[in-house]
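Residues per chain, in single letters:
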Amino acid sequence: MKRLGTLLSCAAVLVACEPPTDTSPTDGVAAEALGVTTQTVRDDVAGIAIEVPSDWRVQQDPVLFNTYGFALFEPGGAMSGGHERSPVARVALAYQIKPDQIEGLVQDLMSKYQEFSPTRSEVVVGRGLRGTVVSGLPGTDPYSLVYVADGDRVYRIGLWTMEPGLDSRARGVLASLRFEQPQRSVQSLNLVPVEQAKYAAPPAEQLAINQRAQAERILLTALEGGEPTQEQGVQEAGVSAQQTACEFGQPGGMFWQTVWDYTNKFYSGYTTVYSGTYYNLRPGDPGWSAMSGNYGSWWGQNYHVRKCNTGLLNQYYANDWPAHKNANVYPAITGTVEWAGWDHADSEGYYTLGNYVVVRNNGYRAIMAHLTSVASGITWGTSVGMNTIIGYAGKTGGPWDEHVHSRVAYGESLTYNGQPYGGSTVWPNKLRCVSCKANDPGDAKGNGDGQFDVKDSTGAKFYTRFYHGRWMRG
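Nothing here was measured: the structure is a model prediction, and the numbers come from that model.

So, how was this worked out
- Residues numbered from 1 in each chain as written.
- Predicted model: local features only at pLDDT ≥ 70, side-chain atom pairs only at ≥ 80, totals over all residues.
- Heavy atoms only, no water.
- Disulfide = S-S within 2.5 Å.
- Helix = DSSP H or I, 4+ residues; strand = E, 2+ residues; numbered from the N terminus.
- Buried < 20%, exposed > 50% of the residue type's maximum accessible area, 1.4 Å probe, protein only.
- Core = buried A, V, L, I, M, F, W, Y, C linked by side-chain atoms within 4.5 Å.
- Contact = heavy atoms within 4.5 Å.
- Phe/Tyr/Trp six-rings, centres within 6.5 Å; stacked < 30°, edge-to-face > 60°.
- pLDDT = per-residue confidence, 0-100.
- Salt bridge = Lys/Arg side-chain N within 4 Å of Asp/Glu carboxyl O.
- 1 Å grid on protein atoms, 1.4 Å probe; cavity = no way out; pocket = protein on both sides within 12 Å on 5 of 7 lines; lining within 4 Å.
- Points joined across faces, edges and corners; volume = space filled by probe spheres on them.
- Nonpolar A, V, L, I, M, F, W, Y, C, P; charged D, E, K, R; others polar.
- Pairing = 2+ DSSP bridges.

**Side note on the state of the cysteines**
Two cysteines form a disulfide when their sulfur atoms are joined by a covalent bond.
So, step 1. The tally for this structure, following the rule as stated, stands at two disulfides.
So, step 2. There is a disulfide in this structure between C246 and C308, and the S-S distance comes to 2.4 Å. Here the disulfide of C246 and C308 is right-handed, its torsion about the S-S bond being about 115°. Taken together, the positions of C246 in the loop between α6 (239-242) and β13 (247-249) and C308 in the loop between β14 (288-291) and β15 (319-322) put the pair 62 residues apart, joining distant regions of the chain.
So, step 3. You can call C308 partly exposed: its relative accessible area is 44%.
So, step 4. C433 shares a disulfide with C436; S-S distance 1.9 Å. Because the sign of the S-S torsion sets the handedness, a value of about 60° for the bond joining C433 and C436 places this disulfide among the right-handed ones.
So, step 5. Accessibility expressed as a relative area gives 0% for C433, which makes it buried.
So, step 6. The buried category is assigned to C436, whose relative accessible area is 4%.
So, step 7. Counting only the cysteines that form disulfides, in the order they appear in the protein chain, gives the pairing 1-2, 3-4.

Structure, rendered in structure tokens:
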């Protein structure tokens, strides 16, 4: 086992990281199970220290939830069936809870999620503390939640795995945890409360640009066939004929659209750590995005792989559209909002979607995720059209670059509090754009082919060819 001798680079005051100093046999066993080269992450507000592999990423809570802590992500790709930054765990101080409340909370979880047949068990956490585990919860990956008390403090640990239950990685995380007396209060961090942060407006200058872009989009839409009604194209009768292995093609009349506009300045001098410069090749010509950013999360490929799991969020045909922070985000389909905000209470299995919005049109649901904030007025029950701004692009939910995670599915069910799961993923046949051009001038390397493919009798423009690296304009 080799330990890092340098400090882990983390945001000031939120997570203070330092080289491990504890060399007890328990630490060594846990670290060896997790990896060869390790780092110790220590948070003096939550009172948490944990030893993890050196290549794991740490994501601090960006806002104040009803718990306070950080999430851990492991690099991984298609071979492991997960996200390139796959979620491992979220470790948090449940600062509003007392130890004698744990049993009631566990029973409540078992009751609320009984349709998923959750299981309850006990597990050893850290140096002999007893934790209560609820496994089989819904999420972006199979999810378990652990409650454990250390003195008068309660900790809530969420764990994502390949299959329901605790695997060796999850058990290694639990074994490596150390709880310490917090040195500062959660309130001392001055984090913005989640409900306030959910609707935070972009800076005034950016907001003015966004509003102008929306107005031009509305005008262009009127000139290019107009805006469809919510009922247009929902040909659910044809679903059964097209369905294959938990997926089916987009019905001919079902309306999808690009989820961004020319406020997307991803290619105007914008640099990234995660995606490098490959998707940063259009300086001075904003409004473009590609299939897809982050090297390979385009439809039907790489880490958006699930399509047949009845208890989880199926995302086989999801796409990650690179987008500049605070760029306008529109719904992929017209309909009614069924979710708006963070998953921060109860089980947190959808935590990695960050701040997200779900829109339903009859049996179809679209997700637009990782938003910096949700737009004012976008709440459950709100009707949204083609040109409704539902939020602003960001990177909430994990240690990735700004992008919009977008996906449409059919026939999903909902958790008791409105999160979608199960159903069938839908592959795209056509995608409407508004400001797309007649031809693509090409990027810095000469790669072209970003023009729209179809223009119908009303003047509406559509993309109909989908493959990795294809440039599109909103």
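**So, the nonpolar core**
So, step 1. Within the largest apolar cluster, 39 residues are counted, with the highest numbers of intra-cluster contacts made by I333, V357, Y364, M368, I378 and I390.
So, step 2. Looking at this core, the elements that each hand over two or more residues are β17 (335-341), β18 (355-361), β19 (364-371), β23 (403-410) and β27 (431-433).
So, step 3. Considering each element in turn, this core owes the most residues, four residues, to β19.

**Things to note about the environment of A175**
So, step 1. Mapping A175 onto the fold places it in helix α3 (residues 168-176).
So, step 2. When the C-alpha positions of A175 and R127 are compared, they lie 7.4 Å apart, and in sequence the two are 48 residues distant.

**Focus: the environment of G398**
So, step 1. Tracing the backbone through its elements, the reader meets G398 in the loop between β22 (391-392) and β23.
So, step 2. Residue classification places G398 among the buried residues on the basis of a relative accessible area of 2%.
So, step 3. Each C-alpha atom of the pair G398 and Q60 lies 8.9 Å from the other, and the pair is 338 residues apart in sequence.
So, step 4. Apart from the residues lying within four places of it in its own chain, the contact partners of G398 are Q59 and F73.

**What to know about the packing of aromatic side chains**
So, step 1. Scanning all chains against the criterion turns up 16 aromatic pairs.
So, step 2. Summarising the aromatic geometry, the rings of W260 and W321 are spaced 4.8 Å apart at their centres and angled 40° between planes, so their arrangement reads as tilted. Taken together, the residues span a long stretch of sequence, with W260 in the loop between β13 and β14 and W321 in strand β15 at a distance of 61 residues. Note on accessibility: W260 and W321 belong to one class, buried.

**Topic: the confidence of the model for the protein chain**
Segments scoring low in pLDDT should not have their predicted coordinates read at a detailed level.
So, step 1. On average, the protein chain scores 82 in pLDDT, and the residues at 70 or more come to 77%.
So, step 2. Here residues 1-31 scores under 50 on pLDDT; set against residues more than four positions off or in separate chains, the count is 70 contacts.
So, step 3. Segment residues 236-241 is flagged for pLDDT under 50; beyond a separation of four residues in sequence, or across chains, it makes seven contacts in the model.

**Comments concerning the pattern of salt bridges**
So, step 1. Scanning all chains against the criterion turns up 17 salt bridges.
So, step 2. Residue R169 is joined to E74 by a salt bridge in which the shortest nitrogen-to-oxygen separation is 2.6 Å. Residue R169 is found in helix α3, and its partner E74 is found in strand β6 (residues 68-75); the two are separated by 95 residues along the sequence.
So, step 3. When its relative accessible area of 25% is taken as the criterion, E74 is described as partly exposed.
So, step 4. Residues E348 and R156 are paired through a salt bridge, measuring 3.4 Å at the closest nitrogen-oxygen approach. Of this pair, E348 sits in the loop between β17 and β18 while R156 is found in strand β11 (residues 153-160), placing the two residues 192 residues apart along the sequence.

**A word on empty space enclosed by the protein**
So, step 1. Counted by the stated rule, this structure contains two cavities of 30 Å³ or more.
So, step 2. Counted as a void, the second largest cavity has a volume near 50 Å³.
So, step 3. Lining of the second largest cavity is provided by Q59, Q60, P62, F65, W342, Y351, G354, G397 and G398.
So, step 4. A class-by-class count of the residues in the lining of the second largest cavity yields four nonpolar, five polar and no charged.

**Things to note about unusual backbone geometry**
So, step 1. Despite not being glycine, N326 has its phi angle at roughly 70°, a positive value.
So, step 2. The backbone of H370 shows a phi angle near 70°, a positive value even though the residue is not glycine.
So, step 3. Tracing the backbone through its elements, the reader meets H370 in strand β19.

**Focus on the sheet that holds strand β28 (residues 454-455)**
So, step 1. Across the sheet, three strands lie side by side as β27-β29-β28; this open sheet has antiparallel pairing. Two strands close off the open sheet at either side, each with one partner strand: β27 and β28.
So, step 2. The pairing of β27 with strand β29 (residues 461-463) spans three bridges and is antiparallel. Bridging from a neighbouring strand, R432 pairs with F462 of β29.

**Details of the sheet that holds β22**
So, step 1. With antiparallel pairing, three strands are arranged side by side in an open sheet as β16-β22-β20. Edge positions in the open sheet fall to β16 (328-329) and β20 (373-374), since each of these has one partner strand only.
So, step 2. The pairing of β20 with β22 spans two bridges and is antiparallel. By the bridge assignment for β22, S373 is matched with Y392.

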